[in-house]
Structure formats: C-alpha cells, structure tokens
Amino acid sequence: MGRYRKPDPELLTKTNYITRDGYDKLEKELTYLWKDERPRITKSVSEAAAQGDRSENAEYIYGKKRLREIDWRVRFLTKRLEALKVIYPSVEQEGKVFFGAWVEVENDDGELTQIRIVGPDEIDVYKKWISIDAPMARALIGKQVDEEAWVQTPTGKVCYIVNTISYVEPK
C-alpha cells in the first residue's frame, strides 16, 4: 500500500453514495491495514526500538511515521464506511442515467467518451469514473439515449449527446 494524503475536507460533506464494489474495496483496505500492515509495522518498530538509540534509527523513525499514517487512514475509513450508503441499480433506472451507470457520450466534435458515475470515494481518472457530484455527472443524471447534456467547463458550455447507458460493465 502507498502513502496516504489527507482528503479534501469537503469529501466528508459530499454525496455519501457508493457502489457495492467500492464499499467492498474500502472495507478490504481497512481490514488489510488493521489486520496485516499495522501488526507488521508495529513488530518492526518494536525490533528497531530494541536496537538502542532511537534518535538516529531510521527504521524506528520511519516505522513510527508509518504507524501514524495507518492510524489516520484507519480512523478515516472507519468513519467514512459508517457514513456511506451502498446504492444498487434498480429496474426503474433502465434507460436513464443514474448513479452507477456506465455512459457513452459524444461531444460536438464526434469524440466518444465512456464514463461511469460513482461516489466521491471511487473516482478513478484512468478508468474515467467520475463523482456524482461532478458537473458532468449532474448534467447527465436523468438523461436518456440521444438526449443532450450541457456541461459548464472552464472553456465554456459543451454539449454532449448520450449514446449508450448500461448498469453492467461494458466489455
């Protein structure tokens, strides 16, 4: 696991929706940190402390720092998981864009983009998963195939046409 950055303070006030997969991923991270990584780091810190002078012991200093990072992340995940609400797609959503949808949109230049609307805890730039709180997602909510969605961007308003909507991951 990598290092953790403190999230944007607004994160806790954003939408508390999450997909089942997203929730499971956060739970898995919490379990890993608490049951695997923390005990391993605690053991290495204890061993480093037993070696004597702690002020110049890099392993001890790094280990203590890593423990603080883990403890912060564990507290954050515990609170966040309590606040989240898992949203499951329903039959009534079919044909319209709602939370959890994979949507293919086309801009005025004919460029196609495949996105998924997820909770703020699941954003993934590489997969093109966007937060339901994002302007693009807000513009798409409730739209059907062939409808226009106008999105305010830094360069002005952009029109997107909804090409496809799915609640099953495209292959």
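Residues numbered from 1 in each chain as written. Predicted model: local features only at pLDDT ≥ 70, side-chain atom pairs only at ≥ 80, totals over all residues. Heavy atoms only, no water.

A. View of unusual backbone geometry. Here the phi dihedral of lysine 128 falls at roughly 65°; this positive angle occurs in a residue that is not glycine. Given a relative accessible area of 42%, lysine 128 falls into the partly exposed group. The phi torsion at aspartate 146 lies on the positive side, around 75°, for a residue other than glycine. Mapping aspartate 146 onto the fold places it in the loop between helix H3 (135-140) and strand S6 (148-153). (Buried < 20%, exposed > 50% of the residue type's maximum accessible area, 1.4 Å probe, protein only. Helix = DSSP H or I, 4+ residues; strand = E, 2+ residues; numbered from the N terminus.)

B. How the structure looks around the layout of surface pockets. Considering only enclosed or pocket space, the second largest pocket measures out at about 160 Å³ in volume. If you trace the second largest pocket, you find 13 residues lining it, with Thr19, Asp21, Pro89, Trp102 and Arg116 closest to the centre. Among the residues forming the lining of the second largest pocket, the class breakdown is seven nonpolar, two polar and four charged. (1 Å grid on protein atoms, 1.4 Å probe; cavity = no way out; pocket = protein on both sides within 12 Å on 5 of 7 lines; lining within 4 Å. Points joined across faces, edges and corners; volume = space filled by probe spheres on them. Nonpolar A, V, L, I, M, F, W, Y, C, P; charged D, E, K, R; others polar.)

C. Just a negative patch on the surface, in detail. On the surface, a cluster of negative charge is contributed by Asp108, Asp109, Glu111 and Glu148. You can see glutamate 111 is positioned in the loop between strand S3 (102-107) and strand S4 (112-118). (Patch = residues over 30% accessible without salt bridge, like charges linked within 9 Å, V, L, I, M, F, W, Y side chains within 5 Å. Areas by Shrake-Rupley, 256 points an atom, 1.4 Å probe, with all protein chains shown as cover. Salt bridge = Lys/Arg side-chain N within 4 Å of Asp/Glu carboxyl O. Lys, Arg positive; Asp, Glu negative; His and termini not counted. Charge placed at Lys NZ, Arg CZ, Asp CG, Glu CD.)

D. Just the environment of tyrosine 17, in detail. Checked against the element boundaries, tyrosine 17 lands in strand S1 (residues 17-18). Residues tyrosine 17 and valine 118 lie 101 residues apart in sequence; the distance between their C-alpha atoms is 7.7 Å.

E. The arrangement of the nonpolar core in detail. Counting residues in each nonpolar core, the largest one holds 21 residues, and the members touching the most others are Val97, Val103, Ile117, Met136 and Leu140. Aside from chain neighbours lying at most four places away, what touches isoleucine 117 is Val97, Phe98, Phe99, Gly100, Ala101, Ile130, Ile132, Ala137, Leu140 and Ile141. Residues Ile18, Ala49, Leu77 and Leu84 belong to the second largest nonpolar core, which totals 18 residues. (Core = buried A, V, L, I, M, F, W, Y, C linked by side-chain atoms within 4.5 Å. Contact = heavy atoms within 4.5 Å.)

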